[in-house]
Protein chains: 4
Amino acid sequence: MHVWGASGYAAAEALRLLQRHPFVELGALESRSHAGKTAGDHFPLLRTSGLRFDGPGSVLAAARDGDVAIVAGGHGEALEVVPQLLNAGVRVIDLSADYRSDASAAYGLSEFEGGAIAAAQLVANPGCYPTASLLALLPLASLDARPLQIVIDAKSGITGAGRNPSLGALYAEVSGDVRAYGLDGHRHQAEIERRLRAYGMEADVTFTPHVVPLARGMLACVYAIFATPPAPGAVDDALAARYEASPFVRVLVKDRKPSVAAVPGTNDAELRVDVRGCVVRAICALDNLGKGAAGQAVQNLNIMLGFPQESGFDDRAVVA
Amino acid sequence: MHVWGASGYAAAEALRLLQRHPFVELGALESRSHAGKTAGDHFPLLRTSGLRFDGPGSVLAAARDGDVAIVAGGHGEALEVVPQLLNAGVRVIDLSADYRSDASAAYGLSEFEGGAIAAAQLVANPGCYPTASLLALLPLASLDARPLQIVIDAKSGITGAGRNPSLGALYAEVSGDVRAYGLDGHRHQAEIERRLRAYGMEADVTFTPHVVPLARGMLACVYAIFATPPAPGAVDDALAARYEASPFVRVLVKDRKPSVAAVPGTNDAELRVDVRGCVVRAICALDNLGKGAAGQAVQNLNIMLGFPQESGFDDRAVVA
Amino acid sequence: MHVWGASGYAAAEALRLLQRHPFVELGALESRSHAGKTAGDHFPLLRTSGLRFDGPGSVLAAARDGDVAIVAGGHGEALEVVPQLLNAGVRVIDLSADYRSDASAAYGLSEFEGGAIAAAQLVANPGCYPTASLLALLPLASLDARPLQIVIDAKSGITGAGRNPSLGALYAEVSGDVRAYGLDGHRHQAEIERRLRAYGMEADVTFTPHVVPLARGMLACVYAIFATPPAPGAVDDALAARYEASPFVRVLVKDRKPSVAAVPGTNDAELRVDVRGCVVRAICALDNLGKGAAGQAVQNLNIMLGFPQESGFDDRAVVA
Amino acid sequence: MHVWGASGYAAAEALRLLQRHPFVELGALESRSHAGKTAGDHFPLLRTSGLRFDGPGSVLAAARDGDVAIVAGGHGEALEVVPQLLNAGVRVIDLSADYRSDASAAYGLSEFEGGAIAAAQLVANPGCYPTASLLALLPLASLDARPLQIVIDAKSGITGAGRNPSLGALYAEVSGDVRAYGLDGHRHQAEIERRLRAYGMEADVTFTPHVVPLARGMLACVYAIFATPPAPGAVDDALAARYEASPFVRVLVKDRKPSVAAVPGTNDAELRVDVRGCVVRAICALDNLGKGAAGQAVQNLNIMLGFPQESGFDDRAVVA
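Residues numbered from 1 in each chain as written. Chains lettered and ligands numbered in written order. Predicted model: local features only at pLDDT ≥ 70, side-chain atom pairs only at ≥ 80, totals over all residues. Heavy atoms only, no water.

**Some points on the relation of the copies chain D and chain A**
(1) Moving on: Rotating chain D by 180 degrees about the axis while translating it 0.0 Å along that axis superimposes it on chain A, leaving an RMSD of 0.0 Å. Such a turn and shift between the copies fits a two-fold axis.
(2) Moving on: A share of 100% of the interface residues of chain D reappears at the interface of chain A, consistent with the copies meeting face to face through the same patch. (Least-squares fit on C-alpha atoms with pLDDT ≥ 70 in both. Contact = heavy atoms within 4.5 Å.)

What follows is the structure, encoded as C-alpha cells:
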C-alpha cells in the first residue's frame, strides 16, 4: 500500500486512517515537497505516526505487481503518474478529478459501484460535493418518475480548497463569512450530471457550492422537483433498500437531523429525506476529507482487496 | 425615541445605531432584567455608550403622544406591551413575530411597504429569514409568469437564536457544525408565504434554515422554478427597477458574489440573481441583526418620521 | 466499569474512550437528566455508540465490590454520591473538584502519583489547568533551587466551562473574543499551589486563566522565575528523567512548538521548555477533555486495574 | 492625505477610517498589485467606499509639500519609498518595522510621544505587540522601583500576520489551534526592550507571542516582577495619571475585565492592572489593526496636523 503525493489534507487523512488499518502495511510515501521530512512536522494529527516522506520515484520503485497506490496529487498531476503506475501493474485509487470522466476507470462511489471497484485497476475517487449529492439523489432513480429539476445547495469546510495557501482560504477571509462560489459552473457540477445520467436521471441541475467557516465537513441539501408528488413511502423504501446494508450511510428518522458534528474523522454519511408535495428534500452530512475523499478511498481499497468494508474505521473520532 | 426590552442582540444593535443617529434622542430604555445597569457591562460593543437601562414601566411613563418606541421583547411579550403603548399614542416598531400577520400592523419590509410604514401606528418588523428571502423573490412578481416552486436554502449566524442561553447556541455546539433545523415547518416559512401571496406569488415554498458557525450574518439562496425559462433580461430589469433607488440593496453584477463579510453592522443587502433555464437563482447576503432586525427597524423609524432613509447609517462597520 | 453523571462534555469523552477500551465493559451509565435516552441523541460524537443512559440509582444497583466508577457530576454533587459508592466497595475516579484537597483521595496526576493511584479507593482527577501547569512545573522540583515566583498564563477551550448553557459560553460571546477571567482567585489556583507545596515547591503563584475561541484544547505557558539562572542542561535533564518513560507526555526539541491541534481526542501532552536567564519558560499543550479530564481518568483507570497505561488510547483522533 | 501600499489588512483599515475622517481628504492610493482596481473588490468592508487604487509613483506625483502619507508596505519596502517621500517634503507615518529603531523617526506611541509626533517628518508607527505591552508597562516607569523581570504573554488575531497567503494563516491551520511562536526571539521583543530602556526601565523581558483563532484583536498579559511589593495605590495612581486625559485608553476598575470584543474597529485600549505581592499584572486589550496599527496611525495623523485626537473615530464598530 503506497501513497503518491502527500502535501494535502486528504493525503494526511488517508495516512491517519491507513497507519491503523489492520490489514494494510504502508510502503512508499512519495512527496516531492516534503521528501525526507516526518509527517508529524507537517500535520499535527500525524504527530505520533512516526511516518516519513520518501522522495520522487519511490512509489514506482517500491511497488510490486498487484499493490495498490493512492494517488493524492493536485488535479492534473495524476495524468502523468497514474499511467506509469498502471503500466507497472499497480492498482490505483486516484483522488483527483483527472479520471472521473474516463471510461477506463471505475467511479469510486462505493455504495453504487462496488462491483466495478472490486475489479478495477484504476478507481477515480469522487469529489466531496458529488459524493454527498449522489448519495442523496441516486436512490431516487428507482422511483417511477424522474425529477424535472434538481437543486443542490451545498456547504463545505475550507479544507476542500486544499492546503496550498490562497487568499480565499485564509482564516481572516473565511471567519465571519459565508459565500457561494463557482456560480458559473463548478467542475463538480459536470461530474454530478454525468453520474446522474449514468443512472438514468437526466435532469437540469442547479448547483450552488458554498464555503462556510468550518475546517472539515460538508452539508448538502438536495431538492428534487417532480411533476407530481412522489409517494413518501416510495421514497423511504428506495432509501432503505439502497442503504440498509451499508455500514457507513445512516438514513435518519424524521425527527433527527444530519449534523456535520456527527461525522468528522469518519467514513460516515448521515441522510435525511422528506417529501413535501412535488419536492423531495434530501440532506446529507459527511466529512469532506472522510467519505468525501480519504475515507471513501480506504473503503474502496477494502473493496478492491476483499477486506470487510469497515476495516480501518473501527474508531470514533473527535470534533475539536 | 424609546426602546422596550433590551436584553438581546437585536436590542443592543438598535442602541448602537440609535446613539449615533443624528436626528434621534434616546429616551427610556426599559429592561426588566438589566434595570439600573449600564449597557456597557452587558454588551461589549456598547462599552463606551454611557447608556443605562431603566426599570419596568419607564417607556410608558416617559413616552409622549407621537413618540416612537422600538419593542424588542421575546416573541409573545409584545402582545402585552404593544397595545398599552398604542393606547398611549406611542407609535411602535415591534421586532417580534407577534404582529407580523396582523392586519392592523404595517409589515416593515422597508423597500416594499414604505407608504404603509410612513403612516403606521404599528410596524411589524420582518424576521431576518423573510427579509432576505423576500428581497430576493418579490421583484419577480413583476414577471409575466409565476414560479411553480420556490426553494429557500438559508444560512444564519447564531445571534438569530437570541441571547438567552441554550444548549444549541453554545460555542462548543455551533463551532465545527453546520446543521439544518425547523424542517417540519419553521415559523418564518408561514411569514414568507403570506407575504408572497400578498404580492400575487402563490407558490409552494420549501424552506430550509441552517445554523452555521457565524455570530452575525445571513446568506439566503432562493431558487424559483418556472414552467418555462424567464428571459434573463426581464429578471435583471425587474431587479434594477425595484432597487435602483434603494440606498441599501445592492444588485451585484454577475462576476461578483454576495458576501456576509461585506455587510455586518450595516443595513445593506447584497443581491445577485442569475437565470439558468427554468430556474431563477437569487442569492442575498445581509446582517441578521442589521437589515434582518435592528437596521431595518431604524430604517423604518426614518420612514415613519420623515428622515432620509440613510440617517444613522453613515459609517462602515467592522468584521472581527 | 460504570459512569455516574453523563450530561457533560467530559462524561461524553469518557464514554467515547471507554466504549473502545479493550479490557473494559461498560455497565451502568447513570444520568438524571437523560435517563432512558440514547447517548447519540445528545452527543454527536456518540452517534453510533448504541449507548443508552440509565436512571437514578443504577450505578449503585449494578456495581459489584471492586468495580470502578467514574463520577462526572457537577462540582458539589460528588460529595453525596462518592461516599455511597465507596461504602458499597466501589472504587471511584471523581472528575469534580470535591475531593482534590481531601487526604483520603489519591490525586490523579498519573505521571506523578502512579503508586497512590494504583492502590486508591478514591482518585480525585485533577482539573485541566492544574494538569497542564503541574506537568510543566513539577519536574523543576528536582533542581537545586526553588523559583521565587511562578506565573501561569493559560488559554482554555470553552468546553472547560461545561455543557450547562450560560451566557459566557454562547457562540456569539466566545467567537471574536479573548478574555481573562477568575482574576481574583480561580479555584484552580489553590489546587495548583497545594500540589506544588506537596512537592516542595513553595512559591508565589500568579495564575491567569483565559477563554479563547476554541471548543477543545488548552495551552498553558508557565514562567518560573529563579534568583539565579538555572543551567539549561539541568532543566532539560529534569524533564527527560521525568517523562522519558511516559507514553503520553512528549518533551519537544527546541525548534518544535506545542500545538493544541496536535492533541485533541488524545491523552497526550506536548511540552517545550527553555531557559532564558533566570526564567524557565515551559509551554504545555493538551486536550482539556483528554489529558485534562476524561483521558487522564481512563489512564488512572488503567493504573488502578493494572492494565497497560495506553489501553484504550491506540487511535489518533481528528481535529475538525 | 495619501496612502502608499494598499494590499494588506492594516491599509484597508486605514482607508476605512480615513474615508470618514471629517478633516481629511484622500489623495493618491498607490498599490502595485491592485492598481486600477476598486477597493471594494478586494476588501469586503470597503465595498461601498467607491475608492480605487492608483498605480506606481502616484503618491509622489500627487503629494505636495507638507502633505502626510501613510506608508503601509511590507517590512523592507519602506526603506526605499520613505526617503523619496521625505525628500519631496511629504511627512510620513510608516506602519512597517523599518524605522522603529531609527533615531530620525518619532516613535508613534501616541500617548507617550505626542510632542515628538507633532513635530515629526517621519513617524514610525509601533507594532501591535509593542503597543499593547508598552501601554501596560510604561506607566510603571514612574514608580520608585524597577521590575527585575518582565514577562509578556500576548495573544493575537491572525490578521497580524498580514494578507499574503501563508500556510500558517490558513483557516484550517488557525481554527482549532492555539500556538506560541517566535520563541527564539520575535522582532517585537527588541522593539519593546528598546522602548523600555528609553523610559528607564532596564529589565529582562521574556516575550511569548501566540496566535489564537481570531481574525482581529489582541490581548496582552504583562507581568512585572519586583523585588519588593509595590503599593497598589501607587500603581493605580501611576495608571490614572498617565491615562486620565486619554480619549482611547480606558483603565478598568477591578471587577471588569479587558475584552477583545469591546474594541474591534476602534482605536481603544482597555487596561486592567492589579498588584499581587511582588507582581504587577497588567492586561491590555486592543484591536491589532486599530490601536495596534491603522487606528494609531490616524491618531498620529491627527496629532501631526493639529486635529483633535478623536477625529475620525466617533463611531462604534461591530464585532461579527
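Further notes follow.
**Here we look at the relation of the copies chain B and chain A**
(1) Moving on: Mapping chain B onto chain A calls for a rotation angle of 180 degrees and an axial translation of 0.0 Å; the resulting RMSD is 0.0 Å.
(2) Moving on: A share of 100% of the interface residues of chain B reappears at the interface of chain A, consistent with the copies meeting face to face through the same patch.

**Considerations on the sheet that holds strand β11 (residues 249–251) of chain D**
All names here are of chain D.
(1) Moving on: Pairing in this open sheet of 7 strands is mixed, and the strands run β8-β9-β7-β10-β13-β12-β11 from one edge to the other. Each edge of the sheet is formed by a strand with only one pairing partner; in this case those strands are β8 (179–180) and β11.
(2) Moving on: Sheet topology places strand β10 (residues 218–225) next to strand β13 (residues 279–286); 8 bridges connect them, and they run antiparallel. Counterpart to Ala 224 in the pairing with β13 is Val 280. (Pairing = 2+ DSSP bridges. Helix = DSSP H or I, 4+ residues; strand = E, 2+ residues; numbered from the N terminus.)

**Description of the interface of chain D and chain A**
(1) Moving on: Across the boundary between the two partners, chain D contributes 17 residues, which contact 17 residues of chain A.
(2) Moving on: Each partner contributes to the roughly 1600 Å² buried at the junction of chain D and chain A, and carbon and sulfur atoms together form 68% of this total.
(3) Moving on: The interface formed by chain D and chain A holds 2 salt bridges in total.
(4) Moving on: Between Glu 173 of chain A and Arg 163 of chain D there is a salt bridge, and its shortest N-O distance comes to 3.1 Å.
(5) Moving on: Take the side of chain D that touches chain A: its biggest share by element is 4 residues, from helix α7 (residues 171–174) of chain D.
(6) Moving on: Looking at the side of chain D that touches chain A, its residues break down into 12 nonpolar, 3 polar and 2 charged. (Buried area = accessible area lost by both parts, 1.4 Å probe. Salt bridge = Lys/Arg side-chain N within 4 Å of Asp/Glu carboxyl O. Nonpolar A, V, L, I, M, F, W, Y, C, P; charged D, E, K, R; others polar.)

**Some thoughts on the packing of aromatic side chains**
(1) Moving on: In the structure shown here, the tally under the stated rule is 22 aromatic pairs over all chains.
(2) Moving on: Between Phe 23 of chain A and Phe 307 of chain A, the aromatic rings sit 5.2 Å apart at their centres with planes inclined by 45 degrees, giving tilted as the arrangement. You can see Phe 23 of chain A sitting in the loop between α1 (9–18) and β2 (29–30) and its partner Phe 307 of chain A sitting in the segment after α10 (290–305), a full 284 residues away along the chain.
(3) Moving on: Look at Phe 23 of chain A and you get partly exposed, because its relative accessible area is 47%.
(4) Moving on: Ring geometry for Tyr 171 of chain A against Tyr 171 of chain D: centres 5.1 Å apart, planes inclined by 10 degrees, an arrangement best described as stacked. In this pair, Tyr 171 of chain A is assigned in helix α7 (residues 171–174) and Tyr 171 of chain D in helix α7, connecting two distinct chains. Each of the two residues, Tyr 171 of chain A as well as Tyr 171 of chain D, counts as buried.
(5) Moving on: Connected via pairs of aromatic rings, a cluster forms that spans Phe 112, Tyr 199 and Tyr 243 of chain A. (Phe/Tyr/Trp six-rings, centres within 6.5 Å; stacked < 30°, edge-to-face > 60°. Buried < 20%, exposed > 50% of the residue type's maximum accessible area, 1.4 Å probe, protein only.)

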